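Structural features, examined
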Amino acid sequence: MNAPMHLPPHLTESALAARLDRFTIETPSWGYADTGTRFGKFLQAAAAGTIDEKLADAGHVHRLTGCCPTVALHVLWDFPHDDAGRLVGTPAAAATAVAGSAKSHAVAIGSINPNVFQDQRYKFGSVTNIDPAVRSVAMAHLMSSVELAKAAGSNLLSLWFADGSNYPAQANIRERKRWMHNALEALHAAMPPGMTMLVEYKPFEPTFYHTDIADWGMAASFARGAGPHAKVLVDTGHHLQGTNIEHIVAFLIAEGLLGGFHFNDRKYADDDLTMGSIDPYQLFRIFAEIAQAERETGKDLAIAYMIDQSHNIKPKIEAMIQTVMTAQEHFVKAMLIDFDAAAAARQQGDVVMAEGAWRSAYATDVRGFLADYRKSKGLPPDPLMAHRESGYEAKAAAARGGRKSAGGGGNSYA
C-alpha cells in the first residue's frame with residue numbers, strides 16, 4: 001500500500017475519488033491522425049487515417065484511462081464532404097454514421113468543431129470577410145455544423161476563427177467586429193436548448209497584424225453579445241509570452257463565462273505540446289483556481305475539459321494517455337490545497353504561508369493514490385505502460401502503415 005496523502009481538513013479520500021469520477025477529459029479526433037506543423041508532418045505508421053480508426057484509438061484510450069468518454073470532431077475532417085467543401089448527404093445521415101462508429105468503440109461524440117479557415121476563399125477571412133458571398137458560405141457551414149451537432153447528440157459547438165489581417169488598413173476593424181457579432185448572434189439563435197457555444201481566441205497566427213478575436217476579453221464580449229449559452233474557451237497555448245493564464249481563468253469564473261479548455265503546452269507560442277511538458281506548475285495554478293471556486297460554491301463548475309495538441313513527434317496514443325494522466329495528477333494536486341489555511345494566512349498578511357499552502361499541495365506525490373484509484377475502478381494502475389504492453393500500437397501500424405505515403409506538408413491536421 002502507498003502511504004496516505006495528507007488531506008486538508010475539508011476533504012476526505014472518498015470525496016476526492018468521487019470528484020475524480022466526475023473529471024472527464026475529451027480527446028480530439030485529429031490528435032490520433034498524422035498531424036504536424038505548417039511546414040509539414042512526420043508520418044507514423046500507427047496513426048489513424050479514417051474516422052473509424054480515430055474513434056477506435058479514442059476508445060482504446062478510454063478503456064485504459066476510464067475518463068475520456070467523448071471525442072471532439074472536426075466537421076471537414078471527420079464527416080464526408082465533396083471537393084467544394086459541401087457535406088455529402090444530410091447532416092442527420094452523416095451524424096448517424098459517425099455516431100454509430102463511436103458507439104461501437106464505446107465512446108460518444110463530444111464537441112463539434114466547424115472549419116472556416118482551410119478553404120482558399122477564406123484568405124481574407126470567413127464571417128468577417130469583406131465579400132458578402134464568402135460570409136454567406138461561412139455562415140452556411142456554421143449552420144450546418146449546428147445541425148450536425150444536433151443529429152449527433154452533441155451539446156457543444158466549439159468555434160475558432162482565423163479571421164484577421166496582416167497589414168494596417170487591410171481591414172476595417174470595427175466593421176469586422178460588427179460582422180463577427182452578427183454571425184455569432186445568428187448562430188446562437190439557431191442552437192437548440194441545451195447546446196453551448198464556446199468562443200475561442202488567439203492573439204496572432206495565421207494573421208499577424210490583428211486577429212478578430214484576439215484575447216479573452218474580446219471572446220467574452222462576443223459571447224455576451226451572442227447570448228446566454230455562449231461561453232469562452234481557453235486554449236492554454238493561445239497567449240502571448242508571460243500571460244497570467246490562471247488570472248484569466250479566475251476572472252472568467254467570476255464572470256460566469258468560463259466554458260472550456262483546449263489543453264496543451266508551449267514554450268514560445270502555439271506549439272501544441274503535450275500538457276504540462278513545459279510548465280506543469282502553471283497547469284496546477286489553473287486547476288487551483290477551479291478547485292478554489294468549487295470549494296467556495298460547493299459544486300462542480302460546468303467546464304468542458306478538452307485536449308488540443310499536435311503530436312508530430314510523440315506516438316499519438318502515448319501522447320494522449322500521457323496528457324490524460326498529467327491532467328488527473330495536477331487536478332488531484334489542486335484538490336489537496338488547504339484553502340482555509342491559505343485564507344487565514346492572507347488575513348494575517350502572511351504571504352509565505354499563503355503561498356506555502358499551494359506549494360505543499362503541488363509537491364505532493366499523488367501517483368500512488370491515482371494508481372490505487374484506477375485499480376479500484378478495474379483500470380490498469382499505469383495506463384501508459386498498459387498501452388505499451390497491449391500490442392495495440394504494433395497491430396495498428398501493421399494494419400495502417402502500408403497506406404502511408406512519404407509526403408508531408410499541406411494541412412497541419414488533416
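Topic: empty space enclosed by the protein
Inspection of every chain in the model, using the stated rule, returns two cavities of 30 Å³ or more. Considering only enclosed or pocket space, the largest cavity measures out at about 60 Å³ in volume. Taken together, T236, F263, N264, D265, M275, G276, D279, Q282, L283 and I286 make up the lining of the largest cavity. Of all the elements, helix α9 (residues 280-297) adds the most residues to the lining of the largest cavity, at three residues. The calculated volume of the second largest cavity comes to roughly 40 Å³. Along the lines of polarity and charge, the residues of the lining of the second largest cavity split into three nonpolar, three polar and four charged.

Points about the confidence of the model for the protein
The predicted coordinates should not be examined in detail at positions where pLDDT is low. When pLDDT is averaged along the protein, the result is 94; 96% of the residues meet or exceed 70. Ignoring residues within four places in sequence, the model shows residues 406-414, a span with pLDDT below 50, making 25 contacts including any to other chains.

Some thoughts on the pairing of strand β9 (residues 258-263)
Where a strand is regular, its side chains alternate between the two sheet faces. Across the six residues of β9, six count as buried, placing the element largely inside the fold. Bridge analysis of strand β8 (residues 230-235) against β9 gives four bridges, and the strand direction is parallel. Counted as the bridge partner of V232 is L258 from β9. Chirality of the crossover, the property in question, places the unit of β8, helix α8 (residues 245-255) and β9 among those that are right-handed. Two strands pair when backbone bridges link them, and β9 and strand β10 (residues 304-307) are joined in this way by four bridges, in the parallel orientation. In the sheet register, G260 faces β10, and the bridge partner there is A304. In this view, the connection linking β9 to its parallel neighbour β10 by way of α9 has right-handed handedness.

Describing helix α4 (residues 91-104)
Taking 1.5 Å per residue, 14 residues should reach 20 Å; α4 reaches 20 Å between its end C-alpha atoms and fits that length. Listing the buried residues of α4 in full gives A94, A95, V98, S101 and A102. End-on view of α4: buried residues confined to an arc of 125°, all on one side of the axis. Pointing more than 90 degrees away from the buried face of α4 are the exposed residues T96, A97, K103 and S104. Considering only its buried residues, α4 is in contact with α2 (51-65), β2 (70-74), α3 (75-78), β3 (108-113) and α5 (132-152). Positive phi shows up at A106, right after α4, with a value of about 65°.

Digging into the pairing of β2
Within β2, four of the five residues are buried, which leaves the element mostly enclosed by the surrounding structure. In this region the chain leaves strand β1 (residues 27-28), passes through α2 and returns to the parallel neighbour β2; the handedness of that crossover is right-handed. Both β2 and β3 contribute to a ladder of four bridges, which runs parallel. Looking at the pairing, L73 lines up with I112 of β3.

Quick word on the pattern of salt bridges
If you walk through the whole model with that rule in mind, you get 20 salt bridges. Residue K202 pairs with E205 through a salt bridge whose shortest N-O separation is 3.1 Å. Looking at K202, the relative accessible area reads 7%, which means it is buried. Of the charged contacts in the structure, one is a salt bridge between R295 and D340, with a shortest N-O distance of 2.6 Å. Of the two residues, R295 sits in helix α9 while D340 sits in helix α11 (residues 339-347), which places them 45 residues apart along the sequence. Members of the salt-bridge network, linked through shared partners, are R19, R22, E294 and D300.

Rules and cut-offs
- Residues numbered from 1 in each chain as written.
- Predicted model: local features only at pLDDT ≥ 70, side-chain atom pairs only at ≥ 80, totals over all residues.
- Heavy atoms only, no water.
- 1 Å grid on protein atoms, 1.4 Å probe; cavity = no way out; pocket = protein on both sides within 12 Å on 5 of 7 lines; lining within 4 Å.
- Points joined across faces, edges and corners; volume = space filled by probe spheres on them.
- Helix = DSSP H or I, 4+ residues; strand = E, 2+ residues; numbered from the N terminus.
- Nonpolar A, V, L, I, M, F, W, Y, C, P; charged D, E, K, R; others polar.
- pLDDT = per-residue confidence, 0-100.
- Contact = heavy atoms within 4.5 Å.
- Buried < 20%, exposed > 50% of the residue type's maximum accessible area, 1.4 Å probe, protein only.
- Pairing = 2+ DSSP bridges.
- Right-handed = clockwise from strand over helix to strand, strands pointing away.
- Expected span 1.5 Å × (residues − 1).
- Arc of directions from axis to C-beta.
- Salt bridge = Lys/Arg side-chain N within 4 Å of Asp/Glu carboxyl O.

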